[in-house]
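As a plain string of letters, each chain reads:
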Amino acid sequence: MCITAHNMRPLSSKTSFLSPIRTLHIRWSNHFLSDSYLKQTDPSFNRKTAWLRSFAMDAKPAPMPKLLYGTAWKKEATADLVFTALKAGFRGIDTAAQPRHYREHLVGAAVKQAISSGIVERGDLFIQTKFTSIGGQDPDNLPYDPNAPLEEQVHTSVASSLQNFKISDSEAPYIDSLVLHSPLHTLEDTARVWKTLETYVPQRIRQLGISNTPLQVVEYLCTNPDITVRPACVQNRFYPATRWEVDLRAYCREKGILFQTFWTLTGNPRLLRSKPVQTLASSANIDLPVAFYVLVLGLKGTAVLNGTTSEQHMRDDLKGIETVNEFIQSQQGQPIWAKCLGEFKALIGEE
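Please read these numbers as outputs of a predicted model, since none were measured by experiment. (Residues numbered from 1 in each chain as written. Predicted model: local features only at pLDDT ≥ 70, side-chain atom pairs only at ≥ 80, totals over all residues. Heavy atoms only, no water.)

Undergrad: Account for the state of the cysteines, with residues named and values stated.
TA: Across all of its chains, the model carries 0 disulfides by this definition. Counting only cysteine sulfurs, C252 is the nearest neighbor of C233, a cysteine outside any disulfide, at a range of 9.2 Å. Judged by its relative accessible area of 1%, C252 is buried. (Disulfide = S-S within 2.5 Å. Buried < 20%, exposed > 50% of the residue type's maximum accessible area, 1.4 Å probe, protein only.)

What follows is the structure, given as structure tokens:
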């Protein structure tokens, strides 16, 4: 069976009330690991309820919001900022098992606090984390043994992430999206990591994705017959040095893969001040960053990572998306939107 991204719902900035499928609680040998790994480490393990896997295949991630809150470089302020973002209305959170740039455990703590405070339910959240290979890690602060085989590194990292997002003792934790932080040095090693991650889908990980990747690697993951879980999302920088990933985004749209942009504002100071962005901002009465975000979202099949540390900006950005949606559906707004989007596409070389 090949699992693809086609089961994902359309992008939505509104809260989803899609609840995750609850799986049976089975002994997990003190870790939340894949069946194949458990069988290797615990010979007594067996799945008496053989139908569980086919039942759980219906499990889907929560819908991916248009704006995901990015948690990189927040350091010790991570928990407070993530809690603030959830309180402001964000329902998608992006993090990584990479202590060098992220504090995944503090993200988990904020999620638990928001749920216990009644702000949100777990089924309303889209939680995304990453497996980061040794090349992207701080050698003095790793979430796994660097001398262990690749497969073991993945298992240890995933177990740590699942533990960080364990909400209660009565329900097994899960992750909506697990992203390979970047391809490894060879396609062979990239495939080894990917195949290991596949063993968690869909019970503990709902979908897989890849970041910081060229088109060739995405094509490999989409066409290699040995790959059974196709990427559901790609997360890359959106900036001039990569020509705003025009070709890669076109391929993703063709394959039903959602494209997540990061470095969206920081990497585009000139584009932020461009005519179509300014025209949309003044016409819809929104701030320039919101107008820019909306035009990126208008490219279709995209979501945007937003890492603001300002609570006011969090609220303004979310509200601004709703304001523009109403504006572009109005009789007055439709032609302005079409013109601005056309000019924006021309500036980034997208037909």
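Undergrad: Describe unusual backbone geometry, listing the residues and the values that go with them.
TA: Among all residues except glycine, the phi angle is most often negative; among peptide bonds, the trans geometry is most common. Put simply, V201 and P202 share a cis peptide bond, and its omega is 5°. With respect to the helices and strands, P202 occurs in the loop between α6 (187–198) and β5 (205–211). In the Ramachandran plot, K75 falls in the positive-phi region, its phi being about 50° despite a non-glycine side chain. Structurally, K75 is set in the loop between β1 (67–70) and α3 (78–88). Non-glycine residue R243 carries a positive phi angle of around 55°. With respect to the helices and strands, the residue R243 is situated in the loop between β6 (233–237) and α8 (246–255). (Helix = DSSP H or I, 4+ residues; strand = E, 2+ residues; numbered from the N terminus.)

Undergrad: A description of the environment of Q235 should follow, citing residues and the corresponding values.
TA: Its location among the elements puts Q235 in strand β6. Note on Q235: relative accessible area 3%, which makes it buried. Along the primary structure Q235 and Q260 are separated by 25 residues, whereas in three dimensions their C-alpha atoms are 4.5 Å apart. Each residue touching Q235, except ones within four places of it in the same chain, is listed here: D94, Q128, K130, I210, S211, N212, Q260, F262 and L305. There is a polar contact of 2.8 Å between the side chain of Q235 and the side chain of Q260. (Contact = heavy atoms within 4.5 Å. Polar contact = N/O pair within 3.5 Å; in protein donor to acceptor, adjacent residues only side chain to side chain.)

Undergrad: I'd like to hear about the environment of P289, residue by residue, with values.
TA: Tracing the chain through its elements places P289 in helix α11 (residues 288–297). A relative accessible area of 28% means that P289 is categorised as partly exposed. Setting aside residues up to four positions removed in sequence, P289 forms contacts with L265 and L272.

Undergrad: For the packing of helix α10 (residues 275–284) against helix α12 (residues 311–328), give the residues involved together with the corresponding values.
TA: The packing of two helices is summarised by the inter-axis angle and the distance between the axes. α12 packs onto α10 with a crossing angle of 85° between their chain directions and a minimal axis gap of 10 Å. Put simply, α10 runs roughly perpendicular to α12. From α10, L280, S283 and A284 reach across to α12, where they touch T323, V324 and F327. Tallied by class, the residues present in the contact of α10 with α12 amount to 4 nonpolar, 2 polar and no charged. (Axes fitted to C-alpha atoms, helices over the stretch in contact; angles between N-to-C directions. Parallel < 35°, antiparallel > 145°, perpendicular 65-115°, else oblique. Nonpolar A, V, L, I, M, F, W, Y, C, P; charged D, E, K, R; others polar.)

Undergrad: A description of the pairing of strand β3 (residues 126–131) should follow, citing residues and the corresponding values.
TA: Within β3, 6 of the 6 residues are buried, leaving the element largely enclosed by the surrounding structure. Both strand β2 (residues 92–94) and β3 contribute to a ladder of 3 bridges, which runs parallel. Note that in β3 the partner of D94 across the bridge is Q128. One crossover worth recording links β2 to the parallel β3 by way of helix α4 (residues 104–116), and it is right-handed. Sheet analysis places β3 next to strand β4 (residues 175–180), joined by 4 bridges and oriented parallel. The residue of β4 that forms the bridge with T129 is L178. Handedness of the crossover is the feature at issue here: the chain leaves β3, passes through helix α5 (residues 150–164), returns alongside β4, and the resulting connection is right-handed. (Pairing = 2+ DSSP bridges. Right-handed = clockwise from strand over helix to strand, strands pointing away.)

Undergrad: How would you summarise the pattern of salt bridges if you had to cite specific residues and measurements?
TA: Counted by the stated rule, this structure contains 11 salt bridges. Put simply, R192 and E151 hold a salt bridge, and the shortest N to O gap is 2.9 Å. Residue R192 is located in helix α6, and its partner E151 is located in helix α5; the two are separated by 41 residues in the primary sequence. By relative accessible area, R192 is classed as partly exposed at 31%. Judged by relative accessible area, E151 falls into the partly exposed class, the value being 29%. As a salt-bridge pair, D169 and K166 come within 3.3 Å of each other at their nearest N and O atoms. Overall, K166 belongs to the partly exposed group, its relative accessible area being 21%. Three or more residues joined by partner-sharing salt bridges are found here, namely E151, D189 and R192. (Salt bridge = Lys/Arg side-chain N within 4 Å of Asp/Glu carboxyl O.)

Undergrad: Which residues make up α4, and what values do they have?
TA: Between its first and last C-alpha atoms α4 spans 18 Å; for 13 residues at 1.5 Å apiece the expected length is 18 Å, and the two agree. Residues E104, L106, V107, G108, A110, V111, A114 and I115 constitute the buried set of α4. Contacts from the buried residues of α4 go to α3, β2, β3 and α5. Downstream of α4 by a residue or two, G118 has a phi angle that is positive, lying close to 80°. (Expected span 1.5 Å × (residues − 1).)

Take it as geometry only, folks, not as evidence of what the structure does.
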